[in-house]
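# Notes for the structure review
Chain by chain, the residues:
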Amino acid sequence: MIRVGQFNPENIFDDTEELKKINVKRIRSLGVWADKKAIIGIEVRYDTLNATIFKGPRHLSEVTKDKYAQEPWKLDADDSISRIRGSIAETFGILWLEFITKNGVTKKFGNPEIGTVS
């Protein structure tokens, strides 16, 4: 479970229950909402073993969903996330995230100049 934005129950990123119902092959795309201070929302789409796309829940406050436009990051069909780095502040949540794929693609969200790597 990852908390997104200020610690607020509606912003908890946890797709565990939804993923128990499907057979996930890989993460297909990530939607990440961020401002200059932190990650404020996450939405993941998954490819399933039966060749469908499963859209995970949008973990984003209704108050901020339109304020910070974002473009989903779609992974190439032959790629997958192999490493995730980032920083978390106890009083706020995720400050920034960096995803590295097995094909060497790096995508950063938020401001990596804030906080230390964890």
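Residue numbering note: each chain is counted from 1, following its sequence as written. Only residues with pLDDT of 70 or above have their local features reported here, since the model is predicted, and side-chain atom pairs are shown and tallied only from 80 upward, although totals for entire chains, interfaces and linings are computed over all residues. Side-chain figures throughout are based on the complete set of non-hydrogen atoms in the structure, without hydrogens or water.

### Quick notes on the overall build of the chain
The numbering of helices and of strands both runs from the N terminus, where a helix is a DSSP run of H or I of at least 4 residues and a strand a run of E of at least 2. A count of helices and strands for the chain gives one helix and ten strands. Along the chain, helices and strands appear, N-terminal first, in the series β-β-α-β-β-β-β-β-β-β-β. Buried means the residue's accessible area, taken with a 1.4 Å probe over protein chains only, is under 20% of the maximum for its type, while exposed means over 50%, and partly exposed covers the values in between. Counting the 118 residues in the chain, one finds 36% classified as buried. Using a 1.4 Å probe, the Shrake-Rupley method yields the accessible areas, and only the shown protein chains count as cover for residues. Only carbon and sulfur atoms are counted for the fraction: they give 49% of the accessible area of the chain, which is about 7,300 Å².

### With respect to the packing of aromatic side chains
Pairing of aromatic side chains requires ring centres within 6.5 Å, counting the rings of Phe and Tyr and the six-membered ring of Trp. Pairs whose planes differ by under 30 degrees are stacked, by over 60 edge-to-face, and all others tilted. Per the stated rule, a full pass over the model turns up three aromatic pairs. Ring centres of Tyr46 and Phe54 lie 6.2 Å apart, and the angle between their planes is 35°; this geometry places the pair in the tilted category. A ring pair is formed by Trp73 and Phe99, whose centres lie 6.2 Å apart and whose planes are at 45°; its orientation type is tilted. Pair noted here: Trp73 is in strand S7 (residues 73–74) and Phe99 is in strand S9 (residues 93–101), with a separation of 26 residues, a long-range link. Using a relative accessible area of 6% as the deciding quantity, one classes Phe99 as buried. Among the aromatic residues, those joined into a cluster by ring pairs are Trp73, Phe99 and Phe109.

### Examining the environment of Gln70
Counting through the fold element by element, Gln70 comes out in the loop between strand S6 (59–60) and S7. Put simply, Gln70 and Trp33 are 37 residues apart on the chain and 5.8 Å apart in space, counted from C-alpha to C-alpha. When residues no more than four places from it in sequence are discounted, the contact partners of Gln70 are Gly31, Val32 and Trp33. The contact criterion used is simple: two residues touch if any of their non-hydrogen atoms lie within 4.5 Å.

### Re the environment of Phe13
Considering the arrangement of structural elements, one finds Phe13 in strand S2 (residues 12–13). When the C-alpha positions of Phe13 and Arg58 are compared, they lie 8.5 Å apart, and in sequence the two are 45 residues distant.

### Re the pairing of strand S4 (residues 39–48)
Put simply, side chains in a regular strand alternate between the two faces of the sheet. Counting buried positions along S4 yields nine of ten residues, so the element is predominantly enclosed. Between any two strands, pairing holds if DSSP finds at least two bridges. Two strands pair when backbone bridges link them, and strand S3 (residues 24–34) and S4 are joined in this way by nine bridges, in the antiparallel orientation. Across the sheet, Val32 pairs through a bridge with Ile42, a residue of S4. Counting the residues that bridge the hairpin from S3 to S4 gives four residues. Looking at chain direction, S4 and strand S5 (residues 53–55) are connected through three bridges and run antiparallel. Residue pairing in the sheet places Tyr46 in a bridge with Phe54 of S5. Counted between consecutive antiparallel strands, the loop separating S4 from S5 contains four residues, among which Ala51 sits at a positive phi close to 65°.

### Focus on the side chain of Thr101
Within the secondary structure, Thr101 sits in strand S9. The contacts of Thr101, once residues within four sequence positions are left out, are Trp73, Leu75, Asp79, Ser80, Ile81 and Ser82.

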